[in-house]
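What follows is the residue order along each chain.
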Amino acid sequence: MEKKRYIGNTKVSRLGFGAWPLGNTAHGKTMSIEEGVALVEEAVKQGVNFFDTAPNYALGRSEIILGKALKNHRNKVVINSKFGHHPDDSIDFNENRIESSINGSLKRLQTDYLDSVILHNPDYDILMGRTGHFTILERLKEKGIIKGYGVSIDTRGELETVLNNQSVDVIELYFNVFAQVTRDLLDTVKQKGIALIIKVPLDSGWLTGKYTNKSSFSDIRSRWTKEDLNRRYILVNKLKDFLSAEKLTQYAMQFLWSYDAITTVIPGIRTIEQLHEHVSYVNEKLNKDLQKKLETFYDCFIANDPLRW
Ligand SMILES: NC(=O)c1ccc[n+]([C@@H]2O[C@H](COP(=O)([O-])OP(=O)(O)OC[C@H]3O[C@@H](n4cnc5c(N)ncnc54)[C@H](OP(=O)(O)O)[C@@H]3O)[C@@H](O)[C@H]2O)c1
């Protein structure tokens, strides 16, 4: 699998693993620790070496599963975890908790360093550098406990603030066919030498093409209102017509890989079948026309009224 850019000291695969589903419940089924470990081991076997997790994912079980599955591959894989959302499901960005939170992650992940730690949707005070968060992260980097640090962010304002005020190693950004409001800033991220991780690449599953306005969600996706579901369903059908395709996953992923600024793309992977599907096209040559086409789709049908996550 193609590995172009570094995070920490390791080149990362362009298909990364979004580990939110590990140990979590979706569609009425909870992933067991054993199922999660088997899924991650298969991902490593298929050449995936970048894993994105957080202390609060499945209340700590995502990190525990990764720890069990990756302990024999540690020097070949890149683990990114976060600070701010805790295993008891609380949110607390108090800078005095950074080191202890990272120590908790290290323990669950059965390792003595993290390749990167990112602030998990911090507020503007932190992004502006009015607090001590980045100084503490820099000190932990000097100590070798983390190899790099950065932020996970969603909006254009947040990205501009980070680019103008911080010198980070990593940015994890909400960006996909339906969410391109930061598109013209991607090259600046690259020029600054920042590794760019793309989260929610499938619009939480909509960009596979498999959901309808009748789909129901019991997990974090239950946040969508009837209007959200209807609007996304209309857009998915438009996109199917636009691409003359029923299955959209491959197009949504290829679109992201077509940007040189993007280091790795991390779909949430819940099953071995989903993993194998992503692996089946990961080495295909990228089609630049597809990028233009999907930019036009966004500009015509979404840009004036961006979707909410
Ligand atoms: N604030 C943050 O930092 C933040 C926020 C969100 C996400 N993230 C990170 O980004 C990752 C990805 O985001 P996400 O999981 O929310 O959204 P996503 O990657 O856009 O969508 C994931 C969902 O798409 C479906 N899927 C994935 N691959 C598929 C395939 N090959 N075929 C059919 N369906 C497929 C699965 O849904 P089903 O349930 O239908 O199987 C899966 O749960 C997370 O795992 C997490 O690591 C970070």
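Notes on the structure follow. Fair warning: this is a prediction, and the values are worked out from it, not measured in the lab.

Rules and cut-offs
- Residues numbered from 1 in each chain as written.
- Predicted model: local features only at pLDDT ≥ 70, side-chain atom pairs only at ≥ 80, totals over all residues.
- Helix = DSSP H or I, 4+ residues; strand = E, 2+ residues; numbered from the N terminus.
- Rg over C-alpha atoms; globule rule 2.2 N^0.38 Å.
- Contact = placed C-beta atoms within 7 Å.
- Core = buried A, V, L, I, M, F, W, Y, C linked by C-beta atoms within 7 Å.
- Buried ≥ 20, exposed ≤ 12 C-beta atoms within 10 Å, placed from the backbone.
- Near = placed C-beta within 6 Å.
- Nonpolar A, V, L, I, M, F, W, Y, C, P; charged D, E, K, R; others polar.
- Expected span 1.5 Å × (residues − 1).
- Arc of directions from axis to C-beta.
- Axes fitted to C-alpha atoms, helices over the stretch in contact; angles between N-to-C directions.
- Parallel < 35°, antiparallel > 145°, perpendicular 65-115°, else oblique.
- Pairing = 2+ DSSP bridges.
- Right-handed = clockwise from strand over helix to strand, strands pointing away.
- Left-handed = near helix turned anticlockwise from the far one by under 90°.

**Remarks on the overall build of the protein**
Helix and strand counts for the protein come out as 11 helices and 12 strands. Computed over C-alpha atoms, the radius of gyration of the protein comes to 18 Å, within 12% of the 19 Å expected from 2.2 N^0.38 for 309 residues, which places it in the range of a compact globule. Reported as C-alpha extents along the three principal axes, the dimensions of the protein are approximately 55 × 45 × 40 Å. Considering only residue pairs separated by 6 or more positions, the protein has 77% of its internal contacts joining residues 24 or more positions apart.

**Focus: the nonpolar core**
Residues Leu66, Val170, Ile171, Leu196 and Ile198 are the most contacted members of the largest nonpolar core, which totals 82 residues. Setting aside anything within four residues of it in sequence, one finds leucine 66 in contact with Ala19, Leu22, Val40, Phe51, Thr53, Ile79 and Leu109.

**A look at the site of the ligand**
Residues in contact with the ligand amount to 29 residues; listed here are only the nearest, Gly18, Trp20, Leu202, Gly205 and Gly268. The leading source of residues in the shell around the ligand is helix H10 (residues 272-281), at 3 residues. Tallied by class, the residues present in the shell around the ligand amount to 10 nonpolar, 12 polar and 7 charged.

**Points about helix H3 (residues 98-109)**
Note on helix geometry: an α-helix contains 3.6 residues per turn, so any two residues three or four positions apart are oriented the same way. Across its 12 residues, H3 extends 16 Å between first and last C-alpha, which sits within 8% of the 16 Å expected from 1.5 Å per residue. Among the residues of H3, Ile98, Ser101, Ile102, Ser105, Arg108 and Leu109 are the ones counted as buried. The arc enclosing the buried residues of H3, seen along the axis, measures out at 125°, which places them on a common side. In H3, the exposed positions that point more than 90 degrees away from the buried face belong to Ser100 and Asn103. Of the surrounding elements, those touching the buried residues of H3 are helix H2 (61-70), strand E7 (78-83), strand E8 (116-120) and helix H5 (133-143). Positive phi shows up at glutamine 110, right after H3, with a value of about 55°.

**A few points about the environment of asparagine 230**
Looking at where asparagine 230 falls in the secondary structure, it is placed in helix H8 (residues 226-243). For asparagine 230, a count of 13 C-beta atoms within 10 Å gives the class partly exposed. The spatial distance from the C-alpha of asparagine 230 to the C-alpha of leucine 140 is 46 Å, given a sequence separation of 90 residues.

**Let's talk about the packing of helix H9 (residues 249-257) against helix H11 (residues 288-301)**
The geometry of H9 relative to H11 is characterised by a closest axis approach of 9 Å and an angle of 100° between their N-to-C directions. Here H9 is positioned roughly perpendicular relative to H11, judged by the angle of their axes. Residues Tyr251, Gln254 and Phe255 of H9 form the contact with H11, whose own contacting residues are Leu290, Gln291 and Leu294. Within the contact of H9 with H11, the residues separate by chemical class into 4 nonpolar, 2 polar and no charged.

**So, unusual backbone geometry**
Of note, aspartate 89 is a non-glycine position whose phi angle comes to about 75°, a positive value. Within the secondary structure, aspartate 89 sits in the loop between E7 and H3. Since 10 C-beta atoms lie within 10 Å of it, aspartate 89 is described here as exposed. The phi dihedral of glutamine 110 is positive, around 55°, even though this residue is not glycine.

**Here's the deal with the pairing of strand E10 (residues 170-174)**
Along any regular strand the residues' side chains alternate between the sheet's two faces. In terms of burial, E10 is largely enclosed, as 5 of its 5 residues are buried. Of the two faces of E10, the one holding Val170, Glu172 and Tyr174 and the one holding Ile171 and Leu173 are both buried throughout. Pairing of strand E9 (residues 149-153) with E10, which is carried by 4 bridges, proceeds in the parallel orientation. Directly across from valine 151, in E10, lies its bridge partner isoleucine 171. With respect to chirality, the unit in which E9 leads through helix H6 (residues 156-165) into the neighbouring parallel E10 is right-handed. For the crossover that starts at E10, traverses helix H7 (residues 186-191) and ends in the parallel strand E11 (residues 195-199), the hand is right-handed.

**Considerations on the packing of helix H1 (residues 33-45) against H2**
In contact at an axis separation of 9 Å, H1 and H2 are set at 55° when each is read in the N-to-C sense. As judged from the angle between their axes, H1 and H2 are oblique. Between H1 and H2 lies a crossing of right-handed hand. Here H1 contributes Ile33, Gly36, Val37, Val40 and Glu41 to the contact with H2, which in turn contributes Arg61, Ile64, Ile65, Leu66, Lys68, Ala69 and Leu70.

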